[in-house]
Structure formats: C-alpha cells, structure tokens
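This is what each chain is made of:
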Amino acid sequence: MEKDTSFLFSGITFNRKKFAPDFARFQEKEADCATDEPALFENADPESEHVAMVRTDKKRKATSDPVEGFSVFKSSKSKKAKDQMEETNEDKLLLGKKEYHRQLERDALFRKKHNIHVSGSNIPSPLQSFTELKLRHNCKSYLLRNLGELGFKELTPIQRQAIPVLLSGRECFACAPTGSGKTFAFVCPILMKLERASKDGIRAVILCPTHELAAQTTRECKKLVKGKKFYIKLMTKQLTKSADFSQQPCDILISTPYRVHYAVRKRKLDLSKVEYLVLDEADKLFELGLVKQVDAVVKACSNPSILRSLFSATLPDTVEELARTIMHDAVRIIIGRKNSASETIKQKLVFVGSEEGKLLALRQSFAESLNPPVLIFVQNKERAKELYNELRYDDIRADVIHADLPEMQRENAVDNFRSGKTWVLVATDVIARGMDFKGVNCVINYDFPESMAAYVHRIGRSGRAGRSGEAITLYTEADVPYLRNIANVMAASGCEVPAWIMALAKKKWRKYRPHREAISNKPQD
Ligand SMILES: Nc1ncnc2c1ncn2[C@@H]1O[C@H](COP(=O)(O)OP(=O)(O)OP(=O)(O)O)[C@@H](O)[C@H]1O
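Every residue gets a number counted from 1 within its own chain, in the order that chain's sequence is written. Since the coordinates come from a predicted model, pLDDT governs what is reported: local features require at least 70, and pairs of side-chain atoms require 80 or more to be given and counted, while whole-chain, interface and lining totals use all residues. Only hydrogens and water are set aside; all other atoms, that is, all heavy atoms of the structure, feed into the side-chain values.

The protein chain appears in an unreviewed UniProt entry as RNA helicase from Salvia splendens. The UniProt entry for the protein chain carries the following comment under Catalytic activity (unreviewed entry): "ATP + H2O = ADP + phosphate + H(+)". UniProt positions are given in the numbering used here, feature names are shortened, and annotations may be inferred rather than shown by experiment.

K.L.:
What is the right way to look at the overall build of the protein chain in this model?
P.N.:
Scanning the protein chain from N- to C-terminus turns up 19 helices and 14 strands. Throughout, exposure labels follow a simple rule: accessible area from a 1.4 Å probe, protein chains only, divided by the maximum for the residue type, with under 20% read as buried, over 50% as exposed, and the rest as partly exposed. With 525 residues in all, the protein chain has 50% of them scored as buried. Throughout, a contact is declared for two residues whenever any of their heavy atoms are within 4.5 Å. In the protein chain, the share of contacts with a sequence separation of at least 24, taken over all contacts with a separation of at least 6, comes to 75%. Using the Shrake-Rupley algorithm and a 1.4 Å probe, accessible areas are obtained, with residue cover drawn only from the displayed protein chains. Carbon and sulfur atoms provide 53% of the accessible area of the protein chain, an area that totals close to 26000 Å². What counts as a helix is a DSSP run of H or I of at least four residues, what counts as a strand is a run of E of at least two, and both are numbered from the N terminus.

K.L.:
Looking at this model, I keep getting lost on the sheet that holds strand β9 (residues 345–353). Mind explaining?
P.N.:
Within a sheet, neighbouring strands are paired by backbone hydrogen bonds and run either parallel or antiparallel to one another. Here we have six strands laid out as an open sheet, ordered β9-β14-β13-β10-β12-β11, and parallel in their pairing. Pairing within the sheet leaves two strands with one partner each, and these edge strands are β9 and β11 (398–401). Strand-to-strand twist in this sheet, taken as the mean axis angle between neighbours without regard to direction, amounts to 20°. By this definition, two strands are paired if DSSP reports at least two bridges between them. Pairing of strand β10 (residues 374–377) with strand β12 (residues 424–427) involves four bridges; the strand directions are parallel. Pairing of isoleucine 376 across the sheet is with valine 426, part of β12. Running at roughly 140° to β11, helix α16 (residues 407–419) makes contact with β10, β11 and β12 of the sheet. Lines fitted to the C-alpha atoms define the axes, with helices restricted to the stretch that makes contact. Angles between their N-to-C directions range from 0 to 180 degrees.

K.L.:
What should I look at first to understand the side chain of threonine 476 in this one?
P.N.:
Within the secondary structure, threonine 476 is located in strand β14 (residues 469–476). Setting aside residues up to four positions removed in sequence, threonine 476 forms contacts with Phe351, Val352, Gly353, Ser354, Glu355, Lys358 and Arg516.

K.L.:
How do you make sense of the nonpolar core when you look at a structure like this?
P.N.:
Within soluble globular proteins, side chains that are nonpolar generally end up buried alongside one another. Core analysis: the biggest nonpolar cluster contains 63 residues, and Phe311, Ile333, Leu375 and Ile431 have the highest contact counts within it. The element contributing the most residues to this core is helix α7 (residues 182–194), with nine residues. Setting aside residues no more than four positions away along its own chain, isoleucine 431 makes contact with Glu212, Leu375, Phe377, Ile401, Leu425, Phe437 and Arg461. The set of buried Ala, Val, Leu, Ile, Met, Phe, Trp, Tyr and Cys residues whose side-chain atoms join them within 4.5 Å is what this entry labels a nonpolar core. By size, the runner-up hydrophobic cluster in this structure holds 32 residues, among which are Met235, Leu239, Leu269 and Leu310.

K.L.:
Is there a simple way to think about the packing of helix α14 (residues 355–368) against helix α15 (residues 381–391) in this case?
P.N.:
When two helices pack together, their arrangement is given by the angle between the helix axes and the distance between those axes. At a closest axis distance of 12 Å, the pairing of α14 and α15 adopts a crossing angle of 45°. With respect to each other, α14 and α15 are oriented oblique. Seen along the crossing, α14 lies across α15 with a hand that is right-handed. Within the contact between the two elements, α14 uses Glu355, Lys358, Leu359, Leu362 and Arg363 and α15 uses Arg383, Leu387, Glu390 and Leu391. Considering only residue class, the contact of α14 with α15 consists of four nonpolar, no polar and five charged. Comment on the angle field: the value is read as roughly parallel under 35 degrees, roughly antiparallel over 145, roughly perpendicular from 65 to 115, and oblique elsewhere. Left-handed describes a crossing in which the near helix is turned anticlockwise from the far one by less than a right angle; the clockwise case is right-handed. Each residue receives one of three labels: charged for Asp, Glu, Lys and Arg, nonpolar for Ala, Val, Leu, Ile, Met, Phe, Trp, Tyr, Cys and Pro, and polar for the others, Gly being one of them.

K.L.:
What am I meant to see in the site of the ligand here?
P.N.:
Residue proximity to a molecule or strand is established when one non-hydrogen atom of the residue lies within 4 Å of it. Taken together, 19 residues lie around the ligand, and Glu154, Gly179, Lys182, Thr183 and Asp436 are the ones closest in. Here a polar contact is taken to be a pair of N or O atoms separated by no more than 3.5 Å, where protein atoms must pair a possible hydrogen donor with a possible acceptor and residues adjacent in sequence count only if both atoms sit in side chains. Here glycine 179 contributes a backbone N or O atom positioned 2.8 Å from an oxygen atom of the ligand. The contact in question runs from an oxygen atom of the ligand to an N or O atom on the side chain of glutamate 281, over 3.2 Å. Out of a free accessible area of 640 Å², the ligand has 90% covered by protein chains. Among the residues making up the shell around the ligand, the classes are represented as four nonpolar, eight polar and seven charged.

The following block contains the structure:
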C-alpha cells in the first residue's frame, strides 16, 4: 500500500514479526487457493499459463479476500490487527492490479502475433488453444471430439478472439478474411451457450444472404453437433410456407432474411425467445435489397437480452455505423487489414482486349492446362447461361448456377462441384459469398467485378483454410479505368501489380453493370 494514499493510514506500518502466526496462516490459505487451479490446467499449453494465474487471482478476489481476512482477524479487536488486515488486502489489490496489467500486455502481444485488432472496453483475452476453450469456458467434450474429427487442430485468429467475446456475453462485429473460419467462430459460442436441445422455442437465428450459404451453414452446424441432440433447422421454401414452428422444436434456425421475414409476417414464427442472432455476410445483408427484411427480423427478435453479432470478410464503414445503432457495447474485431483478400491467393490480371477475346483466352488457357475445380464468375444470369452453352460442348465437365434455377437444381450444381463431378462451374455472384469449396484451384473473373467487396468474396472461393489458390481477372479496354481499385486489393495482400496500373487515377466503381456483348464464338455482325 502506498503510505500517502490516505491520511488515515499514514505512519502505520505492518509489524510482521508480531503477527507472524496470523501472517503464516494467511499465506498458507493463499497458497491453497493458488494450488486449486493448476491441476485443471495441466494439459494446457505453456503459453496459456497466464490464464490459470488470472483465474486464480479472480477467484481469490471474488471469494477468499473477504472471507480470509475475516476468519483470520475476526477474534482480534486490536487496531493494529485491523490495520494489518487492510494493508494486506491493499497489497493484494495492488498485486491483482499488476497482474491485470501484465495480462493486458500479454493479450496485446498475442493479438499482435495473430494479427488481431480489437476495439471496445474490457475485451476478453484471446484463446490460446482448444484446451483453453475446454478449461476456461468448459467446452463440452462432444464438441471437441467433433472438431477433432473435422481436423481442426488450432484455432484461427478470428476464432481465438470472437469466441471468448461472445461467450462472455458481449456483442461483436467482426471482419476476417475469406476462408478464415468465421462460421465456427459464431456457431461454437451458440452451441456452448445453448448446452442442450430444448422445445421452448427458437433460441438462435443465423441469417445468410443466400439459400446456398444457409444450407452450407446448416450442414456445418450439424457436423459440429454430431452425437448430441440439437434441433438445427434450415428454412426451406417448403418449411416457409407450411411450417408451424410452435409445433416443431427448433434450437437454431438458419435462413435467408426473406424466408424468416415471410414466416414472421404470416405469424408462423415466434422469434421473441431468440437469445443469439448472427448476421453472416453482414454487409450484404445491409444492402438495399435485403435491409428491410433484416430490419424486420431484428425487430421480431424482441428478447431484451439478445446477443447480436455481425461477421463478414468486408465491412464498409457505413455498415459499421449501422451496426453500432443496433448493438450495445459491442466489441470490434478485425483480423489483418480490413476488407483485404486472403494472402494465400495468387492474384493475376489478364488483358483480353475485347469481349470476344475473353472466350478465346479462356479456351486457350483450358487447352494448355485445366486444373479443376475451376469457378468462373460472370456478371448476370444471361451471361452465365451463354457461357455455359459455349463450354458444355467442349470436352470439359461444366455446369452452371444462377438465381433463375430451381432450388433443387442449384443444390445439385453445388453438390456436383463439391464432389468433383463438375470440373468447371459457371456462376453469378449468387455463390460468391461464403460458399466453402475447399479445393477450388482457380477462380476466373470472366466479367470484371462490380465492387471491391465482390472481388474479395469471389476470389475468396479459393485459397481457403490456409490452402493456396489462384485468381485470374480478365479485363477489356472498357474495364481499364477500374483496374486500380482491384490493384489496391492485390497490393495490400502482397501480390505484384504492374507499376502502370498503380499509377492509374482512382475511379469510383460503376453504379450499374456495364452492357457487354453476348458470349458467343459466332462472329458478331
Ligand atoms: N480451426 C480450424 N482449423 C482447420 N480448419 C478450419 C478451422 N476453422 C474452420 N476451418 C475450415 O476452414 C474452411 C473455411 O471456413 P469458413 O467457411 O467458416 O470461412 P469464412 O471465414 O466464413 O469464409 P467466407 O468469408 O468466405 O464466408 C472450412 O472448410 C472450415 O471447415
């Protein structure tokens, strides 16, 4: 204790000799407390030792301080004894404070090492390992076992930080590169908090911008709960129209905003008990076409203690501002540089002159080397159909996916591409976000993307979970003014960009998709 902190204590010193027996008992108790925890942490990796220390300290503060102080000194009425007790408590407080600051330093170093940037108050320490998830947060063995089966050995940076934040009951908005494991970062805390299946109404809702992504997230969730009873439901078209959720148990509902909103409007869905709401690909959900439905769903989730979280690989400032209006005391988590592409993707720009040049370049590149699976993005469904019609008669197994196809056909297209039956998938942006095709070797932007976010998400279908990938963007004369926008993303993720492109003037993205000549190898009149 600093002697000059209070005049009441000035001049009083602690006579350790005189109170030696009491002091010894006090220290004994402290030692007892300290030995409570290490047994728990014996399997934890050495880096996580500090967690044990902090927990021990917290525990001491919460339980042993007043109790020990009281039991040791309660029979003594002497002023000196009281002073001694207070002084010791002050010492311990100071020690606790010091340890707290040391912990903050350790957290900062750890975050730096993993490129984790956070803002907000009292942010929980990042997780060092799965062992810590078990010991610090009591993660159940079924979940750890399933993670093991999925081959998850180490947590990814977004998981290290977002999981403890959500588990501590804080809301968050997070931006982390494509393929960096955001899905598990929000599903894991939900599963841990819900603990077991219940028939008391929907407890968690995950909103995704497309049905394909909702279906994928449902599948991933089910893999994580293997061997444990949980009601995880994907909102299909059929369910939207026919379901009465008051009759069906559902712990986690995964859907597009449109379908949940529809069911809420028809009074078939009660979201008033929802405890967790996740907006995946949040920036997409806040775009004009979806924001009204999202807003309606957010309102329908009327439980005052709801925890909301937002995740995406791209999070524009406008979305952050909007997020702040619906969130309370949220933690902001950014992994690496905001809105940047994954560093494991080799990005290239290829000049093709005109629209005609694109098909020639594509055929030539396939003739030289086709390393499937390859994903080709075009700007709309008409062009998807056209390009598919061109490729289907070539000697490659191609398929197409766009919003005009029935749900079943879209699901088949995704499944066939996943299983390797299809080598080349021609797609619109309908599968540009979130879809996890692990082994995509190459993404080709046949049509220049219409925004930085579209570029980052499209190319992010390759190079996932630390694997390498390639992204080729074809450009025509008409696309040249917008090259610089992509060049910036390329340079930020460490790819080489020709100096002349970096020297181009910055230009705002086009508001509308440009008109492009039809894709055909027949000569145009
Ligand atoms: N800790 C981990 N260890 C190994 N693999 C992981 C881990 N976490 C997630 N993965 C795998 O990484 C892949 C990408 O994860 P996920 O789809 O969650 O990425 P994402 O960050 O949501 O990407 P996107 O921004 O494109 O939606 C998945 O195949 C997933 O199973």
